[in-house]
Amino acid sequence: MLVGYLSKRGIEIYHVRGSNGSQGIGVTKRASGLPQDLRPLGLDRLLGKRLLIVGRDVSLHIKRRYPPATYKDLNKAVGVDIEELFPIKDPSYYIKLSEQTTAYSLVDIWGWSKADTDRVRDIFPFNYIAPEDALFISEGPELSILTERGSTYAVAHSREGFIACSVINDPPGHSIDRLLKGISRQTGGVKRANLYGVSDKALVDALRTLVPETVNKQSKPYPVCIDHAAARDLRDFKTAPAQRDVLKNIYRAMRLFIYLLLASTLSLFITNRDYDLAIGEMKDKISAFSKESVQEKTEDDYADVLEELHKKMEDPVDHLQILDLLAGLLPEKSHVTRLNLNDKNLELALMSTDPLVIVKKLGESDMFGVIRLKGTPMKDARGIYTFTITAELR
């Protein structure tokens, strides 16, 4: 899986191998920088999952209540309200149904600039997109505390994914306590806090009094949310490719087809030229040999041999014509495994599901005279016959 992490500093692209199980995952950085400074992914990278993570510094999050409704209807309602919810021009968004009762639906909404992700599509054509905090998931209710670029964040998550998030302010104990009280009804109590790069002693001491267990996690050379992305089903974050991306892939495929066609044409041209040169050299040698034989003629008479040789030179067999004819006559799932041409006697070793059709088609051709089946056709377990045909060229 390829993962792009979008932040104010640009985009970082990672190759993620494996799943976040007992063996862990392998994460390798492929590129980083501003989108306009990076090269687009090659054709070999356009297969499989390509997840774009929208970092918390380029997205906004709110919780909002709506009347009870299905997820589909809630998504439509948020789409109507989205420009009023966030101070962003032409925003994109993602929603998660946090809580639903007979009286209301509580919805988590993330919004970000569509222009930012559109610029990323040019170099990273993603087919999944997710806000950073929405990716966090765990077996039970937990907190992940992260210190990044001078700020500390807390993300609460469980088996159902994201629950809530908060920026940790001074005093840190008040921020954590407020967050825990706000989610206590949903979680029944957070059992563990995972610390990533946290060095604030006051925060650590506050967590030890508020949470039964605190675990210092190893710092990562990549965003922590990538570990959570590798552990969860990404179907909720699937996005339809933009029309221009579809057209771009079609154009790339057309260019590749044209390149292959040109290469094939060039190869055939060179092969044909080599055949012509070889035939010309052979004719020159035969002509020189004939003249020397005539000049050095003794009492033995080679007139009949020379006459036959000249006749054969005047009416040479066109090998390419035979190959073209066979390509047009052979039915599907049939191919030639060996071809032997001796004067005007042709021997073909073939593989086909229907030998009789091939014999019939060769017999109907003006190029071949008597058609004979050599030996007995052998049938393998797939129902394919291997057999040999001899024919006389007219």
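Before any of the text, the structure's been laid out above.
Residues numbered from 1 in each chain as written. Predicted model: local features only at pLDDT ≥ 70, side-chain atom pairs only at ≥ 80, totals over all residues. Heavy atoms only, no water.

> Tell me about the pattern of salt bridges, residues and numbers included.
For the coordinates displayed, the defined rule picks out 18 salt bridges. Across the pair lysine 63 and aspartate 108 runs a salt bridge whose closest N-O atoms are separated by 2.7 Å. Taken together, the residues span a long stretch of sequence, with lysine 63 in strand 5 (residues 59-66) and aspartate 108 in strand 7 (residues 105-113) at a distance of 45 residues. Here lysine 63 falls in the partly exposed class, since its relative accessible area comes to 34%. Classification of aspartate 108 as buried rests on a relative accessible area of 0%. With a shortest N-O distance of 3.2 Å, aspartate 227 and lysine 220 are connected by a salt bridge. Look at the salt bridges and you will find they share partners, linking Arg56, Glu132, Asp133 and Glu148 into a network. (Salt bridge = Lys/Arg side-chain N within 4 Å of Asp/Glu carboxyl O. Helix = DSSP H or I, 4+ residues; strand = E, 2+ residues; numbered from the N terminus. Buried < 20%, exposed > 50% of the residue type's maximum accessible area, 1.4 Å probe, protein only.)

> Pulling in residues and values, what's your account of a nonpolar patch on the surface?
On the surface, a nonpolar cluster with roughly 480 Å² of combined accessible area is contributed by Tyr275, Ile279, Leu320, Leu323, Val336 and Leu339. Listing elements by their share of the nonpolar patch, those giving two or more residues are helix 6 (243-295), helix 8 (319-329) and strand 14 (335-342). With respect to the element layout, valine 336 can be found in strand 14. (Patch = residues over 30% accessible without salt bridge, like charges linked within 9 Å, V, L, I, M, F, W, Y side chains within 5 Å. Areas by Shrake-Rupley, 256 points an atom, 1.4 Å probe, with all protein chains shown as cover.)

> I'd like a description of the packing of aromatic side chains, backed by residues and values.
All told, the structure shown has four aromatic pairs when counted by the stated rule. When the ring of tyrosine 94 is compared with that of tryptophan 110, the centres are 6.0 Å apart and the planes differ by 35°; the resulting orientation is tilted. With tyrosine 94 in strand 6 (residues 91-100) and tryptophan 110 in strand 7, the pair connects residues that are 16 residues apart, well separated along the chain. Given a relative accessible area of 2%, tryptophan 110 falls into the buried group. With a centroid separation of 4.9 Å and 70° between ring planes, the pair formed by tryptophan 110 and phenylalanine 162 is classed as edge-to-face. (Phe/Tyr/Trp six-rings, centres within 6.5 Å; stacked < 30°, edge-to-face > 60°.)

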